[in-house]
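# Structure assessment
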Amino acid sequence: MTEAIPHLKYIFFFITLFLGVPLGCYLANRYPKVERFIFIMMIFFTVRMEDINFVSRETFRLSSRGFEVGMVDICVLILLYFTIKNRGYFRLKLPPGSWLYFLYFAFSALSMVNSIEPLFSWFELWKMLRMYVFFFTVYNYLNSFVKVDYLLPALAITNIYIFIEVIYQKYFLGKFQSYGPFPHQNSLVMYSIILGSIFLAYVMNAEYFSRRNLAFWLLMFFMATVNIVATLSRAGLVLYAVSLAIVLALSFLSHINSRKVTITLILFFLGIAFMAKAWNSIQERFVTAPMESAEVRKDLAYAAVNMAEAKTLGVGLNNFGVAINPPYEYGSHIPMIDPEDEEEQNGLVETIYLMIAAECGWHTMVVFIIFIFYYYFMSVANFFNYQNNPYQFIPIAFTGSLLAIYLESTLEWVLKQTNNFYQLMLVFALISALQRIYKIHRSTQEAEYRASRLQVQTHG
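My aim in this report is to walk through the structure given alongside it, one point at a time.

Cut-offs used in this document
- Throughout, a residue's number is its position along its own chain's written sequence, starting from 1.
- The model is predicted, so local features are restricted to residues of pLDDT at least 70 and side-chain atom pairs to those at 80 or more, both for listing and for counting; the totals for chains, interfaces and linings are taken over all residues.
- Side-chain metrics in this entry use all non-hydrogen atoms of the structure; hydrogen atoms and water are not considered.
- A run of H or I in DSSP becomes a helix once it reaches four residues, and a run of E becomes a strand once it reaches two; helices and strands are each numbered from the N terminus.
- Buried means the residue's accessible area, taken with a 1.4 Å probe over protein chains only, is under 20% of the maximum for its type, while exposed means over 50%, and partly exposed covers the values in between.
- Working rule for contacts: check all heavy atoms of both residues, and any pair within 4.5 Å makes them a contact.
- Here the accessible surface of atoms and residues is derived via Shrake-Rupley with a 1.4 Å probe, and residues count as covered only by protein chains that are part of the display.
- To get an axis, fit a line to the C-alpha atoms, keeping to the stretch in contact for a helix; angles then go from 0 to 180 degrees between the N-to-C directions.
- Here is the rule for angles: anything less than 35 degrees is roughly parallel, anything more than 145 is roughly antiparallel, 65 through 115 is roughly perpendicular, and the remaining ranges are oblique.
- Rotating anticlockwise by less than a right angle from the far helix to the near helix defines a left-handed crossing, while the corresponding clockwise rotation defines a right-handed one.
- Residues were grouped as follows: Ala, Val, Leu, Ile, Met, Phe, Trp, Tyr, Cys and Pro as nonpolar; Asp, Glu, Lys and Arg as charged; and all remaining residues, including Gly, as polar.
- Salt bridges are defined as contacts in which a side-chain nitrogen from Lys or Arg sits within 4 Å of a carboxyl oxygen from Asp or Glu.

Along its length, the protein chain carries 18 helices and two strands. Taking all 460 residues of the protein chain together, the buried fraction comes to 52%. Sequence separation of 24 or more characterises 79% of the internal contacts of the protein chain that already satisfy a separation of 6 or more. For the protein chain, the computed accessible surface area is about 22,000 Å², with 66% contributed by carbon and sulfur atoms.

So, in C-alpha cells, the structure goes:
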C-alpha cells in the first residue's frame, strides 16, 4: 500500500497538468472569481508544498534534491496563460532587474564545469528557472491596484494555515521548536517575518478601518508573531524586532495620527505580556543552546572560504554537500561525531552568501547581493513615491522585513529553500509592480497636464 502512494502522486500530477491546467485556463479567462482563486492558491501552495520530485536524491544534503514540480507551478502556468491570452491588457514586459537574475543564473550554470555531481547542479538550475517564471508571471499579473488587492486575503489565508500547524505541533505534539509546514524552523521564521511586517504596516497605515477589520488584521499580526516566537529562533526573534521597529518608524515618518499612537501603545503592552508568558521557553532556548553549534558554523564557513579560494568558479552549483565530505579536503578540519562511521556527512554552510561563493565563486556572490539589494532600494524609492497613498504600507513593510531576512541570511541558507525562494520572488515582483504602476500613473498625470496646458494656450 505504501509503495502505491508515490505512484498515485505521479498519476494525480499528470492528470492535473494535462486536464486541470487547460480547464483552469478556460475558467480563469471566463470567471474573475476563478482567476482570483487561482492567484490565492498559488500563494498558499508556496507554504503547503504539494509537489513531486523527478530523479530524487533525498538522502543527500543539498539545497535542491531533485527536479521538483508542484501545485505552485500548476497555478503559475494557468496565470501565465491568462496574462498571455489577455496580453493587450497586461502588456507583458521583462521585470526590472531581470538582467541581474540572468547574470546570476549564467554564473551559477558556468560553475558546473567544476561540479563533482553535475546532476545536482541541474536540480538547482531547474529550481532557479521555475522561480523566474513565477517572478515574470506575478510581475505582469499585478498590473493594477485591483490585482494588488488580491494579495492581502491570500496572505491572511496562508498565515492562518501556518498558525494552525504551529499550534498543533506546539501543544498537541509537544514540539519545543515548531516549524509549521516548513522543512525547518528557520524557514518558518523568514517567511513569517515578511507576513508579520506586512500585517503591522497595513494596520498602521491603512486609511479607513472598521472595528471588525482592525481586529481581524491585528489578529493576523498576532498569529504571525506567535509563529515566530514558537520557533524559538534566537536570530529570528531579534531580527523580527528590528523589522517591526523599522515598520513603526517609517509609519510615523509617513505621518502621525491618534490611531497609530494608540495601536503602538496597545502592541507595546501586549508585547510585554506575551513575552512574559513565553519568557521561560525563550530563556531556556538562549541558555541551553549548545556551544558546539557556533563552532560548527565557523568550521563550515571556513570550509566554504577554502572552496571559493581553491576554485575561481566554485566547486559547482549545489555541490557543497558533496565537496565538504571525504575524499575532498575542504572540510578535513571539521571533527566528526563518530570517526568510525564511514557514512557520516558534514552539513551545509549556514550562510547563503558563503554557500554561493563556495559553489559558484566570489563573483556570483557579489552579483547575488547586488540582485537582492536592487529590489531593496527600489522598495525604499517606492516608500517616497507612494507618499499619501494607501499602498505605502507595502514598501514600509518590505523596507523592514527584507533587511531583516538579508541579515538573517548571514546565518542561514534558507533563501535557497523552495518555500522561501518563492516568497522572495513574490516580494520582488510586488516591489517591481508597484514601481511600474507608479510610473504609469505619473505618465498619465503628466499627459493630462500637458493636454490641459495646450488647451489653455489654444483658447487663451
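For the rest of this paragraph, the subject is the packing of helix α9 (residues 185-205) against helix α17 (residues 393-408). The contact between α9 and α17 brings their axes to 8 Å, and the two run at 155°. The pairing of α9 with α17 is recorded here as roughly antiparallel in orientation. The hand of the α9/α17 crossing is right-handed. Contacts from N186, V189, M190, I193, I194, S197, I198, A201, Y202 and N205 of α9 reach α17 at F393, I396, A397, F398, S401, A404, I405 and E408. When the residues that make up the contact of α9 with α17 are grouped by side-chain class, the tally is 13 nonpolar, four polar and one charged.

Moving on: the pattern of salt bridges. Pairing is possible between side chains of opposite charge, provided their charged atoms come close. Here the structure, examined in full by the defined rule, presents seven salt bridges. A salt bridge links E412 to R297; the shortest N-O distance between them is 3.4 Å. Residue E412 is found in the loop between α17 and α18 (418-459), and its partner R297 is found in helix α13 (residues 291-310); the two are separated by 115 residues along the sequence. A relative accessible area of 7% means that E412 is categorised as buried. You can call R297 partly exposed: its relative accessible area is 24%. Sharing partners across several salt bridges, the network here consists of E68, D73 and R130.

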